[in-house]
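# Fold and geometry: a report
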Amino acid sequence: MNVEPPIQAKLLDLAAVDAELTRIEHRRKVLPEQQEVRRLEEERTARKDAAVKVEILIDDLDRDIRKLETEIDGVRKREQRDRGMLDGGGVGAKQLSELQHELTSLERRRTVLEDDLLEVMERREAAAADHQHAGANLSKAEADLADAQRLRDQAVADLDVAAERCARDREGLLTAFPADLLAIYDRQRAQHGVGAALLQARRCGACRIELDRGEISRITQTPPETVVRCPECGAILVRTKQSGL
């Protein structure tokens, strides 16, 4: 294929734009701001799980408190009933003894229940403090995540602007090339990442391999308008004064 040397030289401009597009897409995939967002999302999830765990514990403790309060109330009512019967008189000696024994048992039971209630209420107070701490941690994690998402979105927007600029530059360059040359370039770029590169000091600018003397001699004898390609990677080799031929 024959293409005028100035047009071949423009392939370097196209390759530079495509290289920048490749760098932009790579940066988009490994964006540090996005990695920070992912880390903070995991941290927020962990903080939220911790807060929910404490909420579940508080619900369980509240249920235990209600149950104990109900039992204590029931015991007190039985105590009041028995004392009412004792104070009212009219009970036989056997029933009197049974009521006194039952009152003693009820008092012991109430004392145990009240001790249990106190313990559960103390645990509930500690859990409430843990819940407040967990809520503060969750709020901070959400605020940190929001800041990271803002920085991520700003970084993505900057990449979008750069990509759009490169796309416009690329469109402006494409009109300079014959369709068949552009087809070779695009196919080579799709397969190997670089479509064209400068031949400089006997070295291919695409694969960075130094060509042997026989290949350099062949290229030197090839007319300037003839498109040559790297025998190693297949990239279009652009010859300029820097090529040292």
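Relevant structure appears above.
To start, this report covers the structure provided alongside it. All values derive from a computational prediction rather than experimental measurement. (Residues numbered from 1 in each chain as written. Predicted model: local features only at pLDDT ≥ 70, side-chain atom pairs only at ≥ 80, totals over all residues. Heavy atoms only, no water.)

This brings us to helix α5 (residues 213–221). Owing to its 3.6 residues per turn, the α-helix brings residues three or four apart onto one side. Listed as buried for α5 are E215, I216 and I219. Around the axis of α5, the buried residues are gathered within 100° of arc, so they sit on the same side. Exposed and facing more than 90 degrees away from the buried side of α5 are R213 and Q221. Buried residues along α5 sit in contact with β1 (196–200), β3 (228–229) and β4 (236–238). (Buried < 20%, exposed > 50% of the residue type's maximum accessible area, 1.4 Å probe, protein only. Helix = DSSP H or I, 4+ residues; strand = E, 2+ residues; numbered from the N terminus. Arc of directions from axis to C-beta. Contact = heavy atoms within 4.5 Å.)

Let us now look at the sheet that holds β4. With mixed pairing, the four strands of this open sheet are ordered in space as β2-β1-β4-β3. Here the strands that pair on one side only, and so sit at the sheet edges, are β2 (203–204) and β3. Sheet topology places β1 next to β4; three bridges connect them, and they run parallel. Bridge pairing in β4 links A197 to L237. (Pairing = 2+ DSSP bridges.)

Of all five residues in β1, four are buried; the element is thus mostly enclosed. Pairing between β1 and β2: two bridges, direction antiparallel. Residue pairing for β2: Q200 is matched across the bridge by R203. A loop of two residues connects β1 with β2, the two strands running antiparallel in sequence, and A201 in this loop sits at a positive phi of about 55°.

One pass over the full model with this rule turns up 26 salt bridges. Between E20 and R23 there is a salt bridge, with the nearest N and O atoms lying 2.8 Å from each other. Residue E20 and its partner R23 are both found in helix α1 (residues 5–29); the two are separated by three residues, about one turn of the helix. Note on E20: relative accessible area 26%, which makes it partly exposed. Relative accessible area serves as the criterion here: at 49%, R23 is assigned to the partly exposed category. As a salt-bridge pair, E102 and R81 come within 3.2 Å of each other at their nearest N and O atoms. With E102 in helix α3 (residues 93–174) and R81 in helix α2 (residues 32–88), this pair connects stretches of sequence that are 21 residues apart. When salt bridges that share partners are traced, they join R76, E79, R83, E107, R110 and E114 into one network. (Salt bridge = Lys/Arg side-chain N within 4 Å of Asp/Glu carboxyl O.)

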